[in-house]
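Given next are the chains, with one letter for each unit.
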Amino acid sequence: LKFIFGPSAVPALDLVDQRSVTRVRAPSGRTLYQVLGSSGKLYTCYSSCHFCTCPAFGFSVLQKSESLLCKHILAVYLSQAMGACQELAVSEEQLTNILLAEEEDEG
């Protein structure tokens, strides 16, 4: 994994080991992932469009094109493959509130 994903591999595996990845699912089937980062901050990841709200994703992936993904996205993919995601069922309103909270954090 380290050969393919570089320096993100070991921290991503640590996040998986700590069960830091939660799949958030609404009745409509809309799904997102929340990852509790090593700093204690909660990041929202969208595996369907390969996006994370962390600063490393914005800088290393989007701006500099130095990496394909951040440790949070890799942790999501690894957790999915290993069946290690925690599950959280929420209402449509709760999911909307999670999405709006992310938008406020960025703005």
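The structure presented is a predicted model; accordingly, all values stated were derived computationally and were not measured.

Novice: Help me out: how do you make sense of the layout of surface pockets in this one?
Specialist: The method is simple in principle: a probe with the dimensions of a water molecule rolls over the atoms, and the space it marks as empty is what remains. Within this model, the largest pocket holds a volume of roughly 240 Å³. Lining the largest pocket are 16 residues, with Ser8, Ala56, Leu69, Cys70 and Lys71 sitting closest to its centre. Residue assignment for the lining of the largest pocket shows that the elements contributing at least two residues are α3 (55-63) and α4 (71-82). Top element by residues in the lining of the largest pocket is α3. It accounts for 3 residues. Of the residues assigned to the lining of the largest pocket, the class counts are 8 nonpolar, 7 polar and 1 charged.

Novice: I tried to follow the sheet that holds strand β5 (residues 86-89) on my own but got confused; where do I start?
Specialist: Backbone-to-backbone hydrogen bonds pair the strands of a sheet. The strands run either parallel or antiparallel. Spatially, the 5 strands line up as an open sheet ordered β4-β3-β2-β1-β5, and their pairing is mixed. One side of each edge strand has no neighbouring strand; the edge strands of this open sheet are β4 (51-52) and β5.

The rules behind each value
Per chain, residue numbering runs from 1 following the sequence as it is written. Residue-level local features of this predicted model are given only where pLDDT is at least 70; pairs of side-chain atoms are given and counted only at 80 or more, and the full residue set underlies all totals for whole chains, interfaces and linings. Each side-chain value is derived from all of the structure's non-hydrogen atoms; neither hydrogens nor water enter the calculation. In the cavity and pocket records, a cavity denotes points on a 1 Å grid over the protein atoms alone where a 1.4 Å probe fits but cannot get out, a pocket denotes an open set with protein on both sides within 12 Å along at least 5 of 7 lines, and lining residues are residues with an atom within 4 Å of a point. Grid points are joined across faces, edges and corners, and a volume is the space filled by probe spheres set on the points. Each helix corresponds to a stretch of at least 4 residues labelled H or I by DSSP, and each strand to a stretch of at least 2 residues labelled E; elements are numbered beginning at the N terminus. Nonpolar residues are Ala, Val, Leu, Ile, Met, Phe, Trp, Tyr, Cys and Pro. Charged residues are Asp, Glu, Lys and Arg, and all others, Gly as well, are polar. By definition, two strands form a pair when at least two bridges between them are found by DSSP.

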